[in-house]
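Per-entry structural report
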Amino acid sequence: MGQERVQFFDTTLRDGEQSPGCSMHTTEKLRMARQLETLGVDILEAGFAIASEGDAAAIHTIASEVRGPQIASLSRARKEDIEAAARALEPARSSRIHIFLASSDIHLEYKLKITREQALEQADAAVRLAAQLVDTVEFSPEDATRTDVDFLCKIVGVAVNAGATVINLPDTVGYTIPQEYAALFRTLRQRVPGMEKVTLSCHCHDDLGMAVANSLAAIEAGARQVECTINGIGERAGNGALEEIAAAMHVRADKFPFTHGLHLEQLYPTSQLLSRTISYGPSPNKAIVGSNAFAHEAGIHQHGVLSNPLCYEIITPAAVGVPSNRMVLGKHSGRHALAHRLTELGHSLDRDALEEVYQRFIHLADRKKAVYDQDLLALLAPMPAAQT
Ligand code: MN
């Protein structure tokens, strides 16, 4: 038997897009969707059709033009939502309606103002209707991680009976921790009849900084779909970052023996395209795609990386599409990195000349945060007599 596959469900254009500073026009969404297709995502959630005409139009355009991934629309468990989603998805090669319905008591009582019994009825009717209209129906009991587990099993059982073949257990508010989230997946698999025919999915938020850890815990516990976004954008603190989950599965393939459809060298280009499209990019220290993720300034680290990158890098920049590791020259740098950069700039110096330039370099670096190529070239120029 071959390795099991983990499907990547990208929601950059839905959960990501609905967060502040991240809204995109149809043309921008289409450009991102094409890049996500190149990246190799399995399912592309293109929007929330009932939310606005613009969202519906963007889903329709993406469904017409992007033929690789299955295209999904979010939908509440309501007839008009489901019909709007189905209309938007009509041109898709393969279509999915992603129905969500709150299952936690706090959401049922204060937000939806319905009883548990009414929630079960709504879930049943909504999934049955959607199953007649699209290829795949996914059901998400919203706020699953704060839902009474008996009721969670009950509502998931109803959705599976009604025709949902993907069950997502969203950590809507970023509340869970890895061991607890993993246990939830195991419980559902054990207690809900028919789960062997269902793909379990995780969807995590980063309110406590654990979205990626929780996603990986869910995969270990049987999730075979992971919902995530590029650069981790999404509601509040964001969603699990696709590039981090993918890189973790790659670097720690010993712990995650699964196949997937992603081309990892497209991670950085996809992150860059998103950064240019919305109003902000990843922080410099962001894993995998941040500008410092493969940068080294400390001399010992620079010497090590130049000798063998694996001394201080667990994954090569090239593997995730980052052009090359960035040696930042500053006061922490040593002679090795300076000589390396000077050689790249076309100046191979002998030992004495290098030492002389190095002393000038350290003097400059003490006053400047980073030393750029033009500074180095200036250091090479003969110094005026008054300053020697
Ligand atoms: Mn979400």
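Residues numbered from 1 in each chain as written. Predicted model: local features only at pLDDT ≥ 70, side-chain atom pairs only at ≥ 80, totals over all residues. Heavy atoms only, no water.

1. Here's the deal with the pairing of strand β7 (residues 199-204)
Taking burial as the measure, the six residues of β7 include five buried ones, the bulk of the element. Running through helix α8 (residues 178-191), the crossover from strand β6 (residues 166-171) to the neighbouring parallel element β7 is right-handed. Sheet topology note: the β7/strand β8 (residues 225-228) ladder contains three bridges and is parallel. Across the sheet, H203 pairs through a bridge with E227, a residue of β8. Traced from β7 through helix α9 (residues 211-220) to β8, the parallel crossover comes out right-handed. (Buried < 20%, exposed > 50% of the residue type's maximum accessible area, 1.4 Å probe, protein only. Helix = DSSP H or I, 4+ residues; strand = E, 2+ residues; numbered from the N terminus. Right-handed = clockwise from strand over helix to strand, strands pointing away. Pairing = 2+ DSSP bridges.)

2. What about the coordination of the manganese ion?
The protein atoms that coordinate the manganese ion are D15 (OD), H203 (NE2) and H205 (NE2), at distances of 2.0 to 2.3 Å. We note that the donor set of the manganese ion lies within a single chain, spaced as D-x187-H-x1-H. We classify H203 as buried; its relative accessible area is 4%. In this structure H205 comes out as buried when scored by relative accessible area, which is 3%. (Donors = N, O, S within 2.8 Å, 3.2 Å for Na, K, Ca; no water.)

3. Things to note about helix α4 (residues 79-89)
Buried within α4 we find D81, I82, A84, A85, A86, A88 and L89. Considering only its buried residues, α4 is in contact with β2 (43-48), α3 (53-65), β3 (70-76), β4 (95-102) and α6 (116-131). (Contact = heavy atoms within 4.5 Å.)

4. Describing the pattern of salt bridges
In this structure the tally under the stated criterion is 26 salt bridges. In this structure, R96 and E138 form a salt bridge, with 2.7 Å as the shortest nitrogen-oxygen distance. With R96 in strand β4 and E138 in strand β5 (residues 136-142), this pair connects stretches of sequence that are 42 residues apart. The class for R96 is buried, based on a relative accessible area of 3%. Exposure remark for E138: the relative accessible area of 0% places this residue in the buried category. (Salt bridge = Lys/Arg side-chain N within 4 Å of Asp/Glu carboxyl O.)

5. Examining the nonpolar core
Among the nonpolar cores identified, the biggest contains 96 residues, and F8, I99, F139 and I167 are the most heavily contacted of them. With eight residues, the top contributor of residues to this core is helix α7 (residues 149-162). Two domains share this core, each providing at least three of its residues, namely domain 1 (7-277) and domain 2 (295-387). Setting aside its immediate chain neighbours within four residues, I167 contacts F139, V156, A159, V160, V198, T199, L200 and S201. (Core = buried A, V, L, I, M, F, W, Y, C linked by side-chain atoms within 4.5 Å. Domains from an automatic or database assignment.)

6. Some points on the sheet that holds β4
The parallel closed barrel is built from eight strands, whose spatial order is β1-β2-β3-β4-β5-β6-β7-β8. The average angle at which neighbouring strand axes cross in this sheet is 25 degrees, direction not considered. Pairing analysis gives four bridges linking strand β1 (residues 7-10) to β8, with the strands arranged parallel. Following the sheet pairing, D10 is matched in β8 by C228. Each of β4 and β5 is contacted by α6, which is oriented at about 175 degrees to β4, the strand it contacts most. (Axes fitted to C-alpha atoms, helices over the stretch in contact; angles between N-to-C directions.)

7. Focus on unusual backbone geometry
A positive phi angle is found at K113, which is not glycine, with a value near 55 degrees. Mapped onto the elements of the fold, K113 is located in the loop between α5 (105-112) and α6. At R236, a position not held by glycine, the phi torsion is positive, near 55 degrees. For R236, the position within the fold is in the loop between β8 and α10 (242-251). We classify R236 as partly exposed; its relative accessible area is 47%.

8. Thoughts on the domain arrangement of the protein
One widely used convention gives an interface's size as the accessible area the parts lose upon coming together. Considered domain by domain, the protein is made up of domain 1 (7-277) and domain 2 (295-387). Tallying the contact residues gives eight residues for domain 1 and eight residues for domain 2. Where domain 1 abuts domain 2, roughly 540 Å² becomes buried across the two surfaces, and 75% of that area is made up of carbon and sulfur atoms. Considering only the surface of domain 1 that becomes buried against domain 2, V251, E265 and Y268 emerge as the three largest contributors, covering 65% of it. Where domain 1 touches domain 2, the interface holds zero salt bridges. Where domain 1 meets domain 2, there are two residue pairs in polar contact (both at pLDDT 80 or more). (Buried area = accessible area lost by both parts, 1.4 Å probe. Polar contact = N/O pair within 3.5 Å; in protein donor to acceptor, adjacent residues only side chain to side chain.)

9. Describing the confidence of the model for the protein
The predicted model of the protein has a mean per-residue pLDDT of 94, with 97% of residues at 70 or higher. A low-confidence stretch, residues 383-388 (pLDDT under 50), is modelled with two contacts involving residues beyond four sequence positions or located in other chains. (pLDDT = per-residue confidence, 0-100.)

10. Quick notes on the packing of aromatic side chains
For the structure on display, the rule yields three aromatic pairs. Between the aromatic rings of Y358 and F361, the centroid separation amounts to 6.1 Å while the plane-to-plane angle is 35 degrees, which identifies the pairing as tilted. Taken together, the positions of Y358 and F361, both in helix α14 (residues 351-367) and three residues apart, correspond to about one turn of that helix. F361 shares its class with Y358; the two are buried. (Phe/Tyr/Trp six-rings, centres within 6.5 Å; stacked < 30°, edge-to-face > 60°.)

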